[in-house]
Amino acid sequence: MTATGRVLRCLRQSYFENERSIMTLPTREEAYALLHEWVESESLRRHMIAVEAAMRAYAHHYNEDEELWGLTGLLHDLDYERHPDMDDTENGHPRTELRLFRARNYPEPLIHAVEAHATFLGVPAESLLDKALLACDELTGLIQACAYVRPDRDIRSVELKSVKKKWKDKAFTAAIDRQENMHFIEALGVPFDEHVQRVLDAMKGVAVELGVAGE
């Protein structure tokens, strides 16, 4: 092989290696299709859509990448239905989805945020994206429940004061650890009322998708 040929081969090899290393964010349509492929539970799908809406609202608030933040929320629990055993150190949530995201070269900020939201993995929440996901995740479930118990089942009728009242009622959505969630909200650095209102407003914008647009 000539010297020129060797140079060209090296250039081609370098090009393809760089191509493989480029991180790619899926389109919303691709991510939504992946959600439906992996998740059959309507309630879990709605939860992930709710978190997506909240994350997009926060991305807008902070002038960050709304697609990156939104898709992080949409995909954060992708493997939970298939692999709910968090004690399974090989395949338990979110280990399987993290392997999938890495195999598909999804952006590292998305991967890190999903990894950090599983606090038992011990990965620190460092970026605003990480902290917002933790602060929004379980709060969306409480807000969704607030809409479910209304006579009209319409989240657009839910007010901040109603959410705060249910937040103080420890028997309501008892599985949600208020103390831990307040820690996440404080780490994000947003006043509680402002945070709840932003997430509530974001969820109102996708009321139909969440199944809480009224009977």
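Residues numbered from 1 in each chain as written. Predicted model: local features only at pLDDT ≥ 70, side-chain atom pairs only at ≥ 80, totals over all residues. Heavy atoms only, no water.

> Help me understand the packing of aromatic side chains in this model?
Two measures describe an aromatic ring pair: the distance that separates the ring centres and the angle between the ring planes. In this structure the tally under the stated criterion is four aromatic pairs. When the ring of Tyr58 is compared with that of Tyr62, the centres are 5.8 Å apart and the planes differ by 25°; the resulting orientation is stacked. Of this pair, Tyr58 and Tyr62 both sit in helix 3 (residues 42-62), four residues apart, roughly one helical turn. On the basis of an interplanar angle of 20° and a centroid distance of 5.3 Å, the ring pair of Phe101 and Tyr106 is categorised as stacked. Taken together through their ring pairs, the aromatic side chains of Tyr58, Tyr62 and Trp69 make up a single cluster. (Phe/Tyr/Trp six-rings, centres within 6.5 Å; stacked < 30°, edge-to-face > 60°. Helix = DSSP H or I, 4+ residues; strand = E, 2+ residues; numbered from the N terminus.)

> It is not clear to me how the side chain of His76 should be interpreted in this structure. Could you clarify?
Residue placement: His76 occurs in the loop between helix 4 (66-75) and helix 5 (95-103). For His76, a relative accessible area of 0% translates into the label buried. At 3.1 Å, the side chain of His76 and the side chain of Asp77 are in polar contact. In contact with His76, other than residues within four places in its own chain, are His47, Met48, Val51, His93, Glu97, Val114, His117, Leu133 and Asp137. (Buried < 20%, exposed > 50% of the residue type's maximum accessible area, 1.4 Å probe, protein only. Polar contact = N/O pair within 3.5 Å; in protein donor to acceptor, adjacent residues only side chain to side chain. Contact = heavy atoms within 4.5 Å.)

> Before we go on, may I ask you to explain the side chain of Asp79 in this structure?
Structurally, the position occupied by Asp79 is in the loop between helix 4 and helix 5. At 7.3 Å, Arg99 is the nearest oppositely charged side chain to Asp79, a buried residue that forms no salt bridge. A distance of 2.6 Å separates the side chain of Asp79 from the side chain of His93, its partner in a polar contact. (Lys, Arg positive; Asp, Glu negative; His and termini not counted. Salt bridge = Lys/Arg side-chain N within 4 Å of Asp/Glu carboxyl O.)

> How should the confidence of the model for the protein be read in this particular structure?
Detailed reading of the predicted model is not advised wherever pLDDT is low. In the predicted model, the protein carries a mean pLDDT of 91, and 90% of its residues have values of at least 70. The low-confidence segment residues 10-21 (pLDDT under 50) makes one contact with residues lying over four places distant or belonging to another chain. (pLDDT = per-residue confidence, 0-100.)

> Whenever I open this one, the packing of helix 3 against helix 4 confuses me. Can you help?
To describe two helices that pack against each other, one gives the angle between their axes and the distance between the axes. Where helix 3 contacts helix 4, the axes come no closer than 7 Å and their chain directions differ by 155°. Put simply, helix 3 runs roughly antiparallel to helix 4. The interaxial crossing formed by helix 3 with helix 4 has right-handed handedness. Of the residues in helix 4, those in contact with Met48, Ile49, Val51, Glu52, Met55, Arg56, Tyr58, Ala59, His60 and Tyr62 of helix 3 are Glu66, Glu67, Trp69, Gly70, Leu71, Gly73, Leu74 and Leu75. A per-class count over the contact of helix 3 with helix 4 returns 11 nonpolar, three polar and four charged. (Axes fitted to C-alpha atoms, helices over the stretch in contact; angles between N-to-C directions. Parallel < 35°, antiparallel > 145°, perpendicular 65-115°, else oblique. Left-handed = near helix turned anticlockwise from the far one by under 90°. Nonpolar A, V, L, I, M, F, W, Y, C, P; charged D, E, K, R; others polar.)

> Would you explain the packing of helix 5 against helix 6 (residues 108-117) in this entry?
Where helix 5 contacts helix 6, the axes come no closer than 10 Å and their chain directions differ by 175°. In terms of their interaxial angle, helix 5 and helix 6 are classed as roughly antiparallel. Residue-level contacts link Glu97, Leu98, Phe101 and Arg102 of helix 5 to Leu110, Ile111, Val114 and Glu115 of helix 6. Of the residues that constitute the contact of helix 5 with helix 6, the class distribution is five nonpolar, no polar and three charged.

> Before we go on, may I ask you to explain helix 6 in this structure?
In an α-helix, one turn spans 3.6 residues; hence positions three or four apart end up facing the same way. The element helix 6 is largely enclosed, with a buried count of eight among its 10 residues. Within helix 6, the full set of buried residues consists of Leu110, Ile111, His112, Ala113, Val114, Glu115, Ala116 and His117.

> Would you mind showing me how to read the environment of Val51 here?
Here Val51 is to be found in helix 3. You can call Val51 buried: its relative accessible area is 0%. Along the backbone, Val51 and His93 are 42 residues apart, and their C-alpha atoms lie at a distance of 17 Å. Excluding residues within four positions of it along the chain, Val51 makes contact with Gly73, His76, Leu133, Asp137 and Thr140.

> Where do I start with the environment of Glu40 in this structure?
Looking at where Glu40 falls in the secondary structure, it is placed in the loop between helix 2 (28-38) and helix 3. Among the residues examined, Glu40 registers a relative accessible area of 67% and is labelled exposed. Ignoring sequence-local partners within four residues, the contact set of Glu40 consists of Arg45 and Glu81.

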